[in-house]
Amino acid sequence: EVRSFGRVKVILGPKNGKYPYGNSIVVEDDTTALIDPSLWVFESNGKVTERNIDLLFNSHYHEDHGVGNCLFPNLPLHIHPLDAPAMRSLDTILEYYGMDEAANAIWTPIMVEKFHYQPRDRFVDLHDGQVFDFGHTRMRVIHTPGHTGGHCCFFFENEGLLFLADWDMTRFGPVYGDVTSDLTATIASLEQIRALHAKVLVSFHHVGICEEGQDALVTRYLDIVYEREQLLLDFLVHPRTLTEIIKKRIVYRKDYPEVMWVDAVEKNSMLLHLGKLMQEGRVTRNEKHYWRCQGFPSLN
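The structure contained in this document is the topic of the report that follows. Computed from a prediction, not measured in an experiment: that's the story for all the values here.

With that out of the way, let us pick up the overall build of the protein. When helices and strands are tallied, the protein shows nine helices and 15 strands. With respect to the three principal axes, the spread of C-alpha positions in the protein is 60 × 40 × 30 Å. Classification of the 300 residues of the protein by burial places 54% in the buried group. Of the contacts formed within the protein by residues at least 6 apart in sequence, a portion of 59% connects residues at least 24 apart. Summed over its atoms, the accessible surface of the protein is roughly 13400 Å², and 50% of this surface lies on carbon and sulfur atoms. In the protein, the 30 positive side-chain charges and the 41 negative ones have mean positions that sit 5 Å from each other.

By the definition in use, this model includes one cavity of 30 Å³ or more. Here the largest cavity defines a volume of roughly 100 Å³. For the largest cavity, the lining is made up of 14 residues, of which Gly66, Asn69, Met87, Tyr117 and Gln118 are closest to its centre. Residue classes in the lining of the largest cavity are distributed as six nonpolar, six polar and two charged.

So, about the side chain of His151. Its place among the elements puts His151 in the loop between strand S9 (138–143) and strand S10 (152–156). Taking the relative accessible area as the measure of exposure, His151 reaches 0% and is therefore buried. Those residues within four positions of His151 in sequence are excluded, and the remaining contacts are Ser59, His60, Asp83, Ile142, His143, Thr144, Pro145, Leu164, Ala165, Asp166 and Trp167.

Another aspect to go through is the pairing of strand S3 (residues 24–28). Burial within S3 is extensive, with five of its five residues counted as buried. Neither face of S3 is open: one carries Ser24, Val26 and Glu28, the other Ile25 and Val27, and all of them are buried. Of the strand pairs in this sheet, strand S2 (residues 8–11) and S3 are connected by four bridges, and their pairing is antiparallel. When the bridges of S3 are listed, Val10 appears paired with Ile25. Of the strand pairs in this sheet, S3 and strand S4 (residues 32–35) are connected by four bridges, and their pairing is antiparallel. Looking at the pairing, Val26 lines up with Leu34 of S4. Adjacent in sequence and paired antiparallel, S3 and S4 are bridged by three residues.

Within the secondary structure layout, Thr170 lies in the loop between strand S11 (161–165) and helix H6 (183–196). Residue Thr170 is classed as buried on the basis of its relative accessible area, which comes to 11%. The contacts of Thr170, once residues within four sequence positions are left out, are His206, Val207, Arg220, Tyr221 and Ile224.

So, about the sheet that holds strand S8 (residues 131–133). Here six strands make up an open sheet; going across it, the order is S8-S9-S10-S11-S12-S13 and the pairing mixed. For this open sheet the edge positions go to S8 and strand S13 (209–210), each flanked by a neighbour on one side alone. Sheet topology note: the strand S12 (residues 200–203)/S13 ladder contains two bridges and is antiparallel. From the neighbouring strand, Leu201 faces S13, where its bridge partner is Cys210. Packing of H6 onto the sheet brings it into contact with S9, S10 and S11, and relative to S9 it is tilted by some 150°. The strands touched by helix H7 (residues 214–235) are S12 and S13; relative to S12, the strand with the most contacts, the crossing angle is about 40°.

Before going further, it helps to spend a moment on the packing of H6 against H7. At a minimum axis separation of 9 Å, H6 and H7 run at an interaxial angle of 165°. When the axis of H6 is compared with that of H7, the two are roughly antiparallel. Judged by the twist between their axes, the crossing of H6 over H7 is left-handed. Contacts between H6 and H7 involve Leu183, Ile187, Leu190, Glu191, Ile193 and Arg194 from the first element and Asp215, Val218, Thr219, Tyr221, Leu222, Val225 and Tyr226 from the second.

Turning our eyes to something else, we now look at the nonpolar core. Within the largest apolar cluster, 31 residues are counted, with the highest numbers of intra-cluster contacts made by Leu34, Tyr61, Ile93, Tyr97, Trp107 and Met111. Looking at this core, the elements with two or more residues in it are helix H2 (39–43), strand S6 (77–79), helix H3 (84–88), helix H4 (90–97) and helix H5 (101–113). Among the elements that line this core, the one with the most residues is H4, at five residues. Val27, Phe132, Phe154 and Val200 belong to the second largest nonpolar core, which has 24 residues in total.

What counts and what doesn't
- Residues numbered from 1 in each chain as written.
- Predicted model: local features only at pLDDT ≥ 70, side-chain atom pairs only at ≥ 80, totals over all residues.
- Heavy atoms only, no water.
- Helix = DSSP H or I, 4+ residues; strand = E, 2+ residues; numbered from the N terminus.
- Buried < 20%, exposed > 50% of the residue type's maximum accessible area, 1.4 Å probe, protein only.
- Contact = heavy atoms within 4.5 Å.
- Areas by Shrake-Rupley, 256 points an atom, 1.4 Å probe, with all protein chains shown as cover.
- Lys, Arg positive; Asp, Glu negative; His and termini not counted.
- Charge placed at Lys NZ, Arg CZ, Asp CG, Glu CD.
- 1 Å grid on protein atoms, 1.4 Å probe; cavity = no way out; pocket = protein on both sides within 12 Å on 5 of 7 lines; lining within 4 Å.
- Points joined across faces, edges and corners; volume = space filled by probe spheres on them.
- Nonpolar A, V, L, I, M, F, W, Y, C, P; charged D, E, K, R; others polar.
- Pairing = 2+ DSSP bridges.
- Axes fitted to C-alpha atoms, helices over the stretch in contact; angles between N-to-C directions.
- Parallel < 35°, antiparallel > 145°, perpendicular 65-115°, else oblique.
- Left-handed = near helix turned anticlockwise from the far one by under 90°.
- Core = buried A, V, L, I, M, F, W, Y, C linked by side-chain atoms within 4.5 Å.

Structure representation (structure tokens):
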């Protein structure tokens, strides 16, 4: 399915871009741009527009957002400089994911064979507030770190359309499980997105296109961060090891499939929450255990 908003086209993948698929953006103007070429774009051999692609953008370095990059080997890749190193080297992107060696050994051939990862060496840096003029269409880059260090959204101001990339607004909640992720930045980025009051939100996964209740949707999504925080505080009424916290599955449900990245994402996410709570004086620790500071009131 393709939805058009002026010269901005949303290329919807299967099931609204359910992973490993995604929803990509094509701008058909004096200049033609492609943002986050998904697995669906790759399987379509890039035939999502009759025009030649002039500019190629990735919102961040995750494997599912650049599957179709390999179709355009001669184009420089527009990406934030904090995420560009992951596109230069497979070892670097695996390092950024933060999985263990056993998971990396499994994931490496998947990255190459399923997601068609190819190292690149030509980049154009994206920066917060940068504006691209495609002719009749203007796009503003909004640096929204947290998911990754260089994660960017793209705002088509005249159309009122904000491409959220991996701030996907699902009931699962925000993901901040990489080594380059940041919890405080996640909260700030989502507050920034809510403050834009965009008429149309487009996510790379699941939700797809949202044209009603946008502010409430972002608020609900952000609230999941605080719900996780409260669950962790409740669990830390008694001293817990990091292993016990990971097994509690505060980010991933207990019934979530045991895929290779679950432990890494759970660990990295919980370390971010623990760091925030310790900085705020809500949690303390010794060499092996974390626990909630006595007398700290519950959050509502």
